[in-house]
Amino acid sequence: MWKLFLYAALWITLTLVLNRSWQLGDIVLPPLGKFFSPGSGFWQNAEPKHARTHDQDLLLDGVIEDVRVVFDERMVPHIFAQSDKDAYFAQGYVTAMHRLWQMDLSSRAAAGELSRILGPRMLEYDKNQRRMGMGFAAENAVKGWEKYPQDMAITNAYAAGVNAYIRSLDPNDYPVEYKLLNYAPESWTPLKSAYFVKSMATRLCLEEDDLENTLLLEWLGRERFNALFPEHNPNDDPVIPVGTLWDFQPVGVIKDSLPTISVTPNESRAEMQKDYHEGSNNWAVAGSRTQSGKPILCNDPHLGLSLPSVWYEIQIVTPHFNVYGVSLPGAPGVIIGFNEYLAWGMTNVGQDVLDWYSIQWADSSQTMYLLDEKQVPVEFRFEEIAVRGGNTVIDTVRYTVWGPVRQDGPHEGLAMRWLAHEMPDTREASMFVRLNRTRTHAEFVSVLSDFQTPAQNFVFADKQGNIALHVGGKLPLRSDHGGRLVQDGSHSTSGWTGFIPASHNPSTLNPFRGFVSSANQETTDSTYPYICHGGFEDFRGRILNRYLTALKNGTPEEMKSLQYNTVSLKAEELLPHLLSAISGGTDEEKHALNMLSEWKYDYNPASAAPILFELWYDAFYEALWDDFYTMEDSMYIYAPEAWCTNLLVLNNPGSEEFDIDSTPVRESFQDIARSSFRKAMEAYDEIHDTQRTWGRYRETTIRHLANIPAFNRTLTAAPGQGDALNATTRTHGPSWRMVVHLTEPVEAFVVYPGGQSGNPGSRYYDTMISSWEKGEYYTAKYLKTPEDLEPTQSLYFKHSGK
């Protein structure tokens with residue numbers, strides 16, 4: 001009898017152990033019984049290497065007429081529908097079929113709802129998202145979208161497609177991440193799409209330096225601040241060609257002096273200005289510069305590299321349009337791509353659309369603040385944050401006329417005005433959907449006027465031979481200091497006076513030089529009558545324009561090579577001057593100097609020279625700007641940018657800036673060059689011989705969104721560097737490469753560092769990574785009919801009759 005009781009006790013214990021989740025520190029383990037179950041656990045997510053999926057007929061109550069979807073050998077869906085509603089329903093369905101968990105996580109991360117699935121360790125992250133006003137922004141977006149019922153119909157159709165797929169799933173069909181984290185998918189809504197859109201805004205238009213600039217101005221004084229942190233690079237080659245004429249009368253332009261406000265930060269920081277932003281390249285060359293006589297358009301947006309990829313490749317065909325390109329999982333339409341008539345691509349303008357305002361509180365409880373000498377009550381937003389395994393946390397955020405007031409971090413007590421918070425007042429929700437079906441340049445520009453944020457450089461080319469570049473997005477009207485400093489929030493005159501009319505946004509059509517281009521450099525020269533100091537990159541734009549200026553009889557193959565180009569203008573400018581300061585040395589130092597002198601400034605993964613240069617540059621930069629790192633702890637600043645560093649070396653090597661504050665002697669440029677070279681050699685000596693190639697030393701890791709190491713991919717042969725055209729770093733790089741030749745029929749060559757499926761157990765999870773790393777492309781299968789393809793898989797959507 002005692003054995004029976006023992007077996008029963010063991011059975012009960014195992015049942016309890018295997019069917020509940022366990023928390024080990026910050027790690028939550030899934031119920032092991034469910035996770036390892038052969039019938040419903042992670043085994044179900046494995047996909048045999050040579051398995052062929054079968055055609056499926058799907059009876060769905062979300063479609064009106066039959067829809068056919070055929071998948072090619074890379075699992076790219078080609079959707080053939082008879083109506084827009086059915087097309088976007090199908091897009092939502094197939095996107096969720098491959099990327100459901102990615103969509104879920106991206107929306108939750110933007111909304112500040114990760115604690116609900118990951119527990120207390122994500123609480124501070126969630127608080128930050130709420131305090132930044134992400135919910136406020138997403139809810140305002142939906143309110144704006146709802147003003148246009150025809151646009152909401154598209155967003156709702158997309159959501160209905162996602163939900164139709166979710167309803168088709170049994171728990172054993174859930175993506176493996178749901179099983180690992182032990183939760184289930186929830187219905188998709190337009191609000192989730194809005195959160196996803198706002199997450200892109202945080203990546204592309206959240207950058208600003210108001211607090212840092214305010215503190216730097218106070219510390220350095222006006223003269224040194226202007227010298228070390230100028231707004232314009234005199235050597236830059238702007239996006240819109242120098243000398244472009246502006247055929248409009250500007251409105252609302254204000255001129256004033258640079259104000260000064262005393263601000264005390266809550267945290268200290270000093271950073272090197274050599275970290276690379278998420279940038280991009282795009283260009284179009286006219287037929288006069290191509291072998292075929294037809295335009296060629298190219299685009300490679302640089303973003304954080306992730307698995308699943310930020311992009312999902314797709315073709316959508318209806319009787320009204322036929323569009324191919326990449327979409328964002330979570331939103332309808334094609335974001336970058338082409339149709340039968342034209343092609344387009346985007347890069348980030350980098351326009352500052354976030355300003356900070358100091359608040360003058362009228363009471364100690366901070367429930368009232370002063371605005372134009374009147375007391376105004378704050379509005380409270382109560383953020384409820386559900387925490388897995390814990391209690392719901394209520395976080396109270398104060399809102400002023402400017403926006404939310406930060407209650408932590410270096411901006412504590414400052415109010416945040418961010419363009420992405422504002423309710424859209426145009427047909428923003430359907431902008432890309434309508435862009436997908438444009439046929440002429442005039443139609444393209446008309447639709448583009450509805451785009452709001454984040455501001456983008458839209459490159460354009462069509463079969464009529466036109467090439468163009470237009471800045472799309474709302475650009476605030478500001479005074480001539482351009483929102484560089486913290487503003488006085490007690491006066492309404494400190495705010496924006498409106499927005500630059502869309503028709504006045506910087507643009508160029510068929511310029512004389514025969515190409516248009518952007519690489520996140522400054523948008524215009526000083527003749528543009530508004531404040532539009534977009535741009536955050538000072539090397540790629542110049543080297544791109546150098547190549548395009550020399551281009552004759554260009555071909556798609558040359559365009560591919562240019563996207564893969566790894567030459568650094570920063571190194572080309574600076575290294576000869578550093579080398580000129582060094583002579584003699586040990587045999588090892590002479591060998592290193594000889595290697596650098598023969599280097600062609602290309603970041604080849606098999607080369608050791610880029611390692612030496614980067615080590616030398618870092619040591620040189622830190623020694624030159626040492627006073628920015630040794631000041632009192634209360635400062636929250638950054639050091640001068642790389643282009644300013646180069647200009648100082650090139651134009652003023654005798655500057656007093658070449659002095660290390662922590663030493664009693666007065667150093668020169670040569671002194672710093674020599675001492676930093678010795679420091680670089682010491683660091684180089686510590687690198688193991690097997691790691692002395694750029695590819696192995698730098699390594700590029702494409703991380704799974706949950707950073708599960710087994711699902712990551714690490715590359716040791718990826719070329720490039722942050723200020724080269726192939727701007728590949730340890731975690732960032734070209735997230736999509738596209739070359740479109742506007743021939744008849746149009747031909748396109750594409751690749752991205754990932755695969756169509758978000759399932760790590762699928763052979764389509766990382767299909768294209770190797771090709772992307774090598775600079776290889778796939779020919780896009782631009783179909784006219786579903787019969788043009790021998791599909792890997794087919795889906796037939798039919799109305800259920802309900």
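These numbers come from a predicted model, not from an experiment.

**Quick look at the overall build of the protein**
Looking only at helices and strands, one finds 22 helices and 32 strands in the protein. Within the protein, the proportion of its 802 residues that are buried is 59%. Here the contacts in the protein between residues at least 6 apart in sequence split such that 72% fall between residues at least 24 apart. In the form shown here, the protein has an accessible surface area of approximately 32300 Å², with 52% of it arising from carbon and sulfur atoms.

**A word on the confidence of the model for the protein**
Per-residue pLDDT for the protein averages 90, and the proportion of residues at 70 or more is 89%. Below pLDDT 50 for its whole length, residues 13-18 participates in five contacts with residues either more than four positions away or in separate chains. Predicted confidence is poor over residues 48-52, with pLDDT under 50, and the contacts of this stretch with residues over four places away or in other chains come to six contacts.

**Description of the nonpolar core**
Counting residues in each nonpolar core, the largest one holds 227 residues, and the members touching the most others are Trp616, Phe628 and Phe797. Looking at this core element by element, the count peaks at 15 residues for helix H3 (residues 84-111). Val70, Phe80, Leu783 and Leu789 belong to the second-largest nonpolar core, a separate cluster that totals five residues.

**A few points about the packing of helix H16 (residues 569-580) against helix H18 (residues 609-624)**
Two elements in contact, H16 and H18, have axes separated by 11 Å at closest approach and are oriented at 75 degrees. Accordingly, the angle class assigned to the pair H16 and H18 is roughly perpendicular. Residues Lys570, Ala571, Leu574, Leu575, Leu578 and Leu579 of H16 form the contact with H18, whose own contacting residues are Phe613, Glu614, Trp616, Tyr617 and Phe620. Across the contact of H16 with H18, the residue classes break down as nine nonpolar, no polar and two charged.

**Points about unusual backbone geometry**
At the junction of Leu307 and Pro308, the peptide bond is cis and its omega measures out at -5 degrees in the coordinates. Mapped onto the secondary structure, Pro308 falls in the loop between strand E9 (306-307) and strand E10 (312-318). With a phi angle near 65 degrees, Tyr601 is a residue other than glycine that sits in the positive phi range. By secondary structure assignment, the location of Tyr601 is in the loop between helix H17 (587-598) and H18.

**Side note on the side chain of Ser607**
Inspection of the secondary structure puts Ser607 in the loop between H17 and H18. Within the structure, the side chain of Ser607 is placed 3.2 Å from the backbone nitrogen of Ala609, a separation counted as a polar contact. Contact partners of Ser607, with chain neighbours within four places excluded, come to Trp599, Thr693 and Trp694.

**Points about the packing of aromatic side chains**
All chains considered together, the criterion is met by 37 aromatic pairs. A ring pair is formed by Trp219 and Phe628, whose centres lie 5.2 Å apart and whose planes are at 85 degrees; its orientation type is edge-to-face. Pair noted here: Trp219 is in helix H10 (residues 210-220) and Phe628 is in the loop between H18 and strand E25 (636-641), with a separation of 409 residues, a long-range link. Trp219 gets classed as partly exposed once you look at its relative accessible area, which sits at 28%. When the ring of Phe248 is compared with that of Tyr528, the centres are 6.5 Å apart and the planes differ by 80 degrees; the resulting orientation is edge-to-face. Here Phe248 is found in the loop between helix H11 (222-228) and strand E6 (269-273), whereas its partner Tyr528 is found in the loop between strand E24 (515-518) and helix H14 (540-550), with 280 residues between them in sequence. One exposure class covers both Phe248 and Tyr528, and it is buried. Following the ring pairs from residue to residue traces out a cluster consisting of Trp599, Tyr601, Tyr603, Phe613, Tyr617, Tyr621, Trp694 and Tyr697. Above the face of the Phe499 ring, Lys474 is positioned so that its terminal group lies 3.9 Å from the ring centre.

**Details of the environment of Tyr765**
Relative to the helices and strands, Tyr765 is located in the loop between strand E30 (747-751) and helix H22 (769-774). C-alpha separation for the pair Tyr765 and Ser309, spaced 456 residues apart in sequence, amounts to 9.3 Å. For Tyr765, the residues in contact, after removing those within four places along its chain, are Leu307, His704, Phe711, Arg713, Gly754, Gly755, Ser757, Gly758, Asn759 and Pro760. One polar contact links the side chain of Tyr765 to the main-chain carbonyl oxygen of Phe711, over a distance of 2.8 Å.

**Let's talk about empty space enclosed by the protein**
Counted by the stated rule, this structure contains five cavities of 30 Å³ or more. Of the pockets and cavities examined, the largest cavity occupies roughly 520 Å³. Classifying every residue of the lining of the largest cavity gives 21 nonpolar, nine polar and two charged.

**Quick word on the sheet that holds strand E14 (residues 354-358)**
Read from one edge of the open sheet, three strands run E19-E14-E22, paired in mixed fashion. Because the sheet does not close on itself, it has two edges, and the strands there are strand E19 (414-418) and strand E22 (487-488).

**As for the side chain of Asp355**
Relative to the helices and strands, Asp355 is located in strand E14. On the basis of relative accessibility, which here comes to 2%, the residue Asp355 falls in the buried class. A distance of 3.0 Å separates the side chain of Asp355 from the side chain of Arg478, its partner in a polar contact. For Asp355, the contacting residues outside a window of four places in its chain are Asp210, Ala415, Met416, Arg417, Arg478, Gly483 and Trp496.

**Quick word on the sheet that holds E9**
Spatially, the three strands line up as an open sheet ordered E9-E26-E27, and their pairing is mixed. Edge positions in the open sheet fall to E9 and strand E27 (713-715), since each of these has one partner strand only. Examined bridge by bridge, strand E26 (residues 700-704) and E27 share three bridges and lie antiparallel to one another. Looking at E27, one finds that Thr700 is bridged to Leu715.

**Concerning the pairing of strand E5 (residues 77-80)**
On any regular strand, side chains alternate: one points to one face of the sheet, the next to the other face. Because side chains alternate across E5, one face comprises the buried residues Pro77 and Ile79, and the other comprises His78 and Phe80, equally buried. Direction of pairing for strand E4 (residues 67-71) relative to E5: antiparallel, over a ladder of four bridges. Considered in E5, the bridge of Phe71 is made with Pro77. Hairpin geometry of E4 and E5 is characterised by an intervening segment of five residues between the two adjacent antiparallel strands and by a positive phi of about 70 degrees at Met75. Here E5 runs beside E10; their pairing, made up of three bridges, is parallel. Note on E10: the bridge partner recorded for Ile79 is Ile316.

**Comments concerning helix H13 (residues 441-448)**
Listed as buried for H13 are His441, Phe444, Val447 and Leu448. Considered in projection along H13, the buried side chains sweep an arc of 130 degrees and stay on one side of the axis. Of the surrounding elements, those touching the buried residues of H13 are strand E13 (342-348), helix H12 (431-435), strand E20 (456-462), strand E21 (467-472) and strand E23 (507-509).

**What to know about helix H15 (residues 556-563)**
Each turn of an α-helix holds 3.6 residues, which means side chains three or four residues apart point in the same direction. Among all positions of H15, only Pro556, Met559, Lys560, Leu562 and Gln563 are buried. End-on, the buried residues of H15 take up no more than an arc of 160 degrees, which puts them together on one face. Buried residues along H15 sit in contact with strand E7 (280-285), strand E8 (296-304), H14, strand E29 (737-741) and E30.

Thresholds, definitions, all that
- Residues numbered from 1 in each chain as written.
- Predicted model: local features only at pLDDT ≥ 70, side-chain atom pairs only at ≥ 80, totals over all residues.
- Heavy atoms only, no water.
- Helix = DSSP H or I, 4+ residues; strand = E, 2+ residues; numbered from the N terminus.
- Buried < 20%, exposed > 50% of the residue type's maximum accessible area, 1.4 Å probe, protein only.
- Contact = heavy atoms within 4.5 Å.
- Areas by Shrake-Rupley, 256 points an atom, 1.4 Å probe, with all protein chains shown as cover.
- pLDDT = per-residue confidence, 0-100.
- Core = buried A, V, L, I, M, F, W, Y, C linked by side-chain atoms within 4.5 Å.
- Axes fitted to C-alpha atoms, helices over the stretch in contact; angles between N-to-C directions.
- Parallel < 35°, antiparallel > 145°, perpendicular 65-115°, else oblique.
- Nonpolar A, V, L, I, M, F, W, Y, C, P; charged D, E, K, R; others polar.
- Polar contact = N/O pair within 3.5 Å; in protein donor to acceptor, adjacent residues only side chain to side chain.
- Phe/Tyr/Trp six-rings, centres within 6.5 Å; stacked < 30°, edge-to-face > 60°.
- Lys NZ or Arg CZ within 6 Å of the ring centre and 35° of its normal.
- 1 Å grid on protein atoms, 1.4 Å probe; cavity = no way out; pocket = protein on both sides within 12 Å on 5 of 7 lines; lining within 4 Å.
- Points joined across faces, edges and corners; volume = space filled by probe spheres on them.
- Pairing = 2+ DSSP bridges.
- Arc of directions from axis to C-beta.

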